[in-house]
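Coordinate analysis (summary)
Each chain is listed here by its residues.
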Amino acid sequence: MERFYTFFFVAGLGCFGIAFLLSMVFPWMSLNEYHGMDYQTLEQLAATPSAEFVELQQSYPVRFEEVYPGGVTSENYAKALQLGRDLYIGQACFHCHSQFVRVVSNEQQRWGPPSEAYEYMNALNQPHLWGTRRVGPDVARLKGRHTNDWHIAHFINPKNVVPYSVMPAYAYYFDADGTPHEEGFALIAYLQWLGTTYNPTH
Amino acid sequence: MAHAVAPPLPSDGKPLVSYTIIRMHLIAAVVCMLISMTAGFLYSLQFLGYYPFPDSELFSPGHIRLFHTNMAAYGWLVNGFTAVAYYVIPRLTGYRVLGEKLAHLIFWVWQLILVLTLVGFCLNKAQAIEWGETPTGFRPGTFEMNYVPIDLLIVVGAVLLIFQFFTPLFKARDQKFYVTLWYFTSGFIWLALTYLMGNIIPEWVLPGAAGAAVTGLFIHDLVGLYVTPMGWGLMYFFVPMILRKPIWSHSLSVIGFWALAFFYPLGGVHHFLISPIPDYVEFGAISTTIAIEVVVTTVVVNFFMTLRGKWSALYTNMGIRWFYAGAVFYFLTCFQCAFQVTWTFQKVIHFTDWVVGHAHMIMFGTFSFWLYGSIDWLWPRIVKREWYSTALKSWHFWLSTIGITVMFLTLTMSGLIVGFMQKGLNPWSDMITSSYPFWIVRTFSGGMFIVGLMCGMYNMWMTARSTKEYDEEAHYIALDAK
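1. Quick notes on the overall build of chain B
Within chain B, the regular secondary structure consists of 15 helices and zero strands. Taken over C-alpha atoms, the radius of gyration comes to 22 Å for chain B, in line with the 23 Å a tight globule of 482 residues would show. Taking the principal axes of the C-alpha coordinates as reference, chain B spans close to 70 × 50 × 45 Å. The buried share of chain B, taken over its 482 residues, is 65%. Looking at chain B alone, contacts between residues at least 24 apart form 81% of all its contacts between residues at least 6 apart. Carbon and sulfur atoms form 72% of the exposed surface of chain B, whose accessible area is close to 17100 Å².

The following block contains the structure:
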């Protein structure tokens, strides 16, 4: 028993394989079965640009036209969402913010309805950004919680808006007068998108 | 004992083990550890409002946080464990690793991976997989490259390691393997498989909640199926050798190994409890996690029974002291697991500093301690010099031990406070302001690790430069006399 092949095949491949199958196949099967979930691609998600995206264009028409020639289109919105998500990952926002509301600890009162699996069946949640640490609040239902202006002020220096904040400043994504760069637009578009896939009648 | 474990040496006169490569890996390991700790320290300053580069995009706190964890895992632990494997596997099998040139190739591939990973983090190329943030190199959902595909490089690195070490293991396939080799054989396969699974499936195949189950498994397997087996493997090698007595119970070793192999990976989903992952999958993970604590106890008991009658080694041998301090932290962490995995605890402590304390106790308090202990044994033999200073060794040990104890306590306390505040619907400001004092203590305890590590590194450096030749015989006479 205590030989090479045992540890190679039984432990190395076998035990790993069993756990992998159980942790992959079961959740995947029952999620599909009970939630009947359709996967949404980025194009589908971005089909109708959000009101906040339109507002960004109205507030900063010149810069917006430079960054997104053609104005508010689904393609530009898709581009913004993708870059926003990339930055959210690249700047490790997901290590300070979670993206799911649990049914415990009164989280519904704080942030809104508990998250459900179907909300994550889309390109902007592949891989998911649930996070494991909440230094800042959960952002799963962020859309509409704050205005664009609030976000800009907050990114430039969080302490100006929320004095106790320990969130880093991201002033380098904005001009001194608050005009966003491409990254600034993208982050705000992405944050104002979070929670869109929730459907109260689901 | 030390001589008896190894079968007859190859007779062609070439050495069984290359010390150069071990030295390279050990140096790389401690350098990575220093980078990792410094990054962690800087990140903790962000929480106190004293982050030194607030205006830098390249070195933003988020990037530094990625430096911290990835350098600890892929820099310090992988380099360290590889060094140990180079020392241990040929000795236990009696065969050399595949090749000296391959060894250098692997070394440089891993260091290249590390450098490119750090550069990738600075350029916002991280991947959304905790502990596996190493860049995929592809634009999401496409096969367009936007950076070096580090994930694939890591898999290549892991496969090269398999070729390197499975040559002696395979040649020795007719031998009865010693416990260490059980862990090492499986550990290297698990590393490659885990990495492949965790970085491919959620990224390309399964979105959302189903993918989350796999990323949970990935976080878990990386610690449980790579770091833990390598750690226990080296414990089973070094402890009996230093104590010059066999492990107390062979059956307990067998139980420990197979229970780890079977139960451990089943608990993966417990990183995302009370989430959109189906409840019955969560319950499965919770119960196997609790089951594993029983087994952990058998392993720890086995080691402490081995120490029986040789307690004085804790005073006289620094290696043993590191190993057993690590084992105590291991037991504490695992004991904690059995409780915190339940929904009752999860409600309160998930998302808080409690988890951060838990992670530090296992990654630093246990596995890093065990590597420090291995370095204590290996370094004088590798550089063939006596340790330069015993006092520095003590400083390293006590600063690390007191540091991790304080860090664990402070983070656990702030985790509990914040957890209950979250439940009590306190405003978010309360959670930040009430954590603040604990975060100050956390920064100081982290500083203690760094100073400790610097003592250790300085000691290694001075040892390598000293003129006092290492005398194996004298070492053993001294050990036995005590």
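2. Examining the overall build of chain A
Each helix and strand counted, chain A has nine helices and zero strands in total. Moving toward the C terminus, one meets the helices and strands of chain A in the order α-α-α-α-α-α-α-α-α. Put simply, chain A has 202 residues, and 56% of those count as buried. Long-range pairs, those at least 24 residues apart, make up 71% of the contacts in chain A between residues at least 6 apart in sequence. For chain A, the accessible surface area stands at approximately 8200 Å², while carbon and sulfur atoms represent 59% of it. Between the mean site of the 12 positive side-chain charges and the mean site of the 19 negative ones, chain A shows a separation of 11 Å.

3. Some remarks on the environment of N106 of chain A
The residue N106 of chain A is located in the loop between α5 (74-90) and α6 (107-111) in this model. The contact partners of N106 of chain A, leaving out residues within four places of it in the chain, are K423 and L425 of chain B.

4. Observations concerning the interface of chain B and chain A
Taken together, the 94 residues of chain B in the interface contact 73 residues of chain A. When the two sides are added together, the surface that chain B and chain A hide from each other amounts to roughly 7100 Å², 69% of it contributed by carbon and sulfur. Sorting the residues of chain B by area buried against chain A places P276, F351 and W428 of chain B first, and these three jointly supply 12% of that buried surface. Across the chain B-chain A interface, the total number found is two salt bridges. A salt bridge links R133 of chain A to D353 of chain B, with the nearest nitrogen and oxygen atoms 2.7 Å apart. Counting the contacts that link chain B with chain A gives 31 residue pairs in polar contact (both at pLDDT 80 or more). At 13 residues, helix α5 (residues 179-205) of chain B tops the list of elements feeding residues into the side of chain B that touches chain A.

5. Brief notes about unusual backbone geometry
For the peptide bond that leads from Q126 of chain A to P127 of chain A, omega is -10°, which places it in the cis range. Considering the arrangement of structural elements, one finds P127 of chain A in the loop between α6 and α7 (148-156). Phi angles above zero are rare outside glycine, and F351 of chain B is one such case at about 75°. Along the chain, F351 of chain B falls in the loop between α11 (343-349) and α12 (353-383).

6. Some details on helix α7 (residues 250-263) of chain B
Residue and element names in this part refer to chain B. Over its 14 residues, α7 runs 20 Å from end to end, which matches the ideal 20 Å to within 8%, given 1.5 Å per residue. Buried residues of α7: L252, S253, G256, F257, A259, L260 and A261, and no others. Between the side-chain oxygen at the start of α7 and the backbone nitrogen of S251 there is a gap of 3.4 Å, and the oxygen is on S249.

7. Looking at α5 of chain A
The terminal C-alpha atoms of α5 of chain A, which comprises 17 residues, lie 24 Å apart, in line with the 24 Å expected from a rise of 1.5 Å per residue. Burial within α5 of chain A is extensive, with 12 of its 17 residues counted as buried. Taken residue by residue, α5 of chain A has N76, Y77, A78, A80, L81, Q82, G84, R85, L87, Y88, I89 and G90 of chain A as its buried positions. Packing partners of the buried residues in α5 of chain A comprise α2 (42-45), α3 (51-59) and α9 (182-191) of chain A together with α2 (61-93) and α3 (100-122) of chain B. Two residues or fewer after α5 of chain A comes A92 of chain A, characterised by a positive phi angle close to 55°.

8. A closer look at the packing of helix α1 (residues 19-48) of chain B against helix α14 (residues 428-465) of chain B
Residues and elements named next belong to chain B. Look at α1 against α14: their axes get within 9 Å of each other, and the N-to-C directions meet at 160°. With respect to α14, the axis of α1 lies roughly antiparallel. Between α1 and α14 lies a crossing of left-handed hand.

9. Considering the packing of aromatic side chains
Residues and elements named next belong to chain B. Following the criterion strictly, the structure yields 85 aromatic pairs over all chains and no others. With centroids separated by 5.4 Å and ring planes inclined at 75°, the aromatic side chains of F262 and F263 adopt a geometry described as edge-to-face. Judged by relative accessible area, which is 29%, F263 ranks as partly exposed. Sitting over the ring of Y87, R91 keeps its end group 4.0 Å from the ring centre.

10. Points about the layout of surface pockets
Of the voids in this model, the largest pocket is the one considered here, and its volume is about 870 Å³. Along the walls of the largest pocket sit 40 residues, with Q82 and D86 of chain A together with R139, P140 and N146 of chain B positioned nearest its centre. Elements with a contribution of two residues or more to the lining of the largest pocket: α2, α5 and α9 of chain A together with α5 of chain B. Ranked by residues supplied to the lining of the largest pocket, first place goes to α5 of chain A with eight residues. Estimates place the volume of the second largest pocket at around 690 Å³. In terms of lining, the second largest pocket is formed by 36 residues, of which the most central are H97, G136, P137, H154 and M167 of chain A. Looking at the lining of the second largest pocket, the elements with two or more residues in it are α6, α7 and α9 of chain A together with α1, α2 and α14 of chain B. Of the residues forming the lining of the second largest pocket, the biggest block, four residues, is contributed by α7 of chain A.

11. A look at a nonpolar patch on the surface
Where nonpolar side chains cluster on the molecular surface, the patch consists of I18, L22, F26, W28 and M29 of chain A together with F262 and Y280 of chain B and spans about 640 Å² of accessible area. Summarising the element assignment, M29 of chain A is placed in helix α1 (residues 4-35). On the accessibility criterion, M29 of chain A (41% relative accessible area) is partly exposed.

12. Describing the packing of α1 of chain B against α2 of chain B
Working note: a packed helix pair is described by the angle between its axes plus the distance between those axes. Residues and elements named next belong to chain B. Across the interface, α1 lies against α2 with an axial gap of 7 Å and an inter-helix angle of 160°. Judged by the inter-axis angle, α1 sits roughly antiparallel to α2. Considering only the axes of α1 and α2, their crossing is left-handed. Grouping the amino acids of the contact of α1 with α2 by side-chain chemistry returns 23 nonpolar, nine polar and two charged.

13. Describing the side chain of S374 of chain B
Residue and element names in this part refer to chain B. Mapping S374 onto the fold places it in helix α12. Given the relative accessible area of 1%, S374 is considered buried. Once you skip the residues sitting within four places of it in the chain, S374 turns out to touch V84, L234, F238 and F323.

14. Notes on the environment of A192 of chain B
Among the structural elements, A192 of chain B can be located in helix α5. Not counting the four nearest positions on each side in its chain, A192 of chain B is found in contact with A158 and I162 of chain B.

Each value, and the rule that gives it
- Residues numbered from 1 in each chain as written.
- Chains lettered and ligands numbered in written order.
- Predicted model: local features only at pLDDT ≥ 70, side-chain atom pairs only at ≥ 80, totals over all residues.
- Heavy atoms only, no water.
- Helix = DSSP H or I, 4+ residues; strand = E, 2+ residues; numbered from the N terminus.
- Rg over C-alpha atoms; globule rule 2.2 N^0.38 Å.
- Buried < 20%, exposed > 50% of the residue type's maximum accessible area, 1.4 Å probe, protein only.
- Contact = heavy atoms within 4.5 Å.
- Areas by Shrake-Rupley, 256 points an atom, 1.4 Å probe, with all protein chains shown as cover.
- Lys, Arg positive; Asp, Glu negative; His and termini not counted.
- Charge placed at Lys NZ, Arg CZ, Asp CG, Glu CD.
- Buried area = accessible area lost by both parts, 1.4 Å probe.
- Salt bridge = Lys/Arg side-chain N within 4 Å of Asp/Glu carboxyl O.
- Polar contact = N/O pair within 3.5 Å; in protein donor to acceptor, adjacent residues only side chain to side chain.
- Expected span 1.5 Å × (residues − 1).
- Axes fitted to C-alpha atoms, helices over the stretch in contact; angles between N-to-C directions.
- Parallel < 35°, antiparallel > 145°, perpendicular 65-115°, else oblique.
- Left-handed = near helix turned anticlockwise from the far one by under 90°.
- Phe/Tyr/Trp six-rings, centres within 6.5 Å; stacked < 30°, edge-to-face > 60°.
- Lys NZ or Arg CZ within 6 Å of the ring centre and 35° of its normal.
- 1 Å grid on protein atoms, 1.4 Å probe; cavity = no way out; pocket = protein on both sides within 12 Å on 5 of 7 lines; lining within 4 Å.
- Points joined across faces, edges and corners; volume = space filled by probe spheres on them.
- Patch = residues over 30% accessible without salt bridge, like charges linked within 9 Å, V, L, I, M, F, W, Y side chains within 5 Å.
- Nonpolar A, V, L, I, M, F, W, Y, C, P; charged D, E, K, R; others polar.

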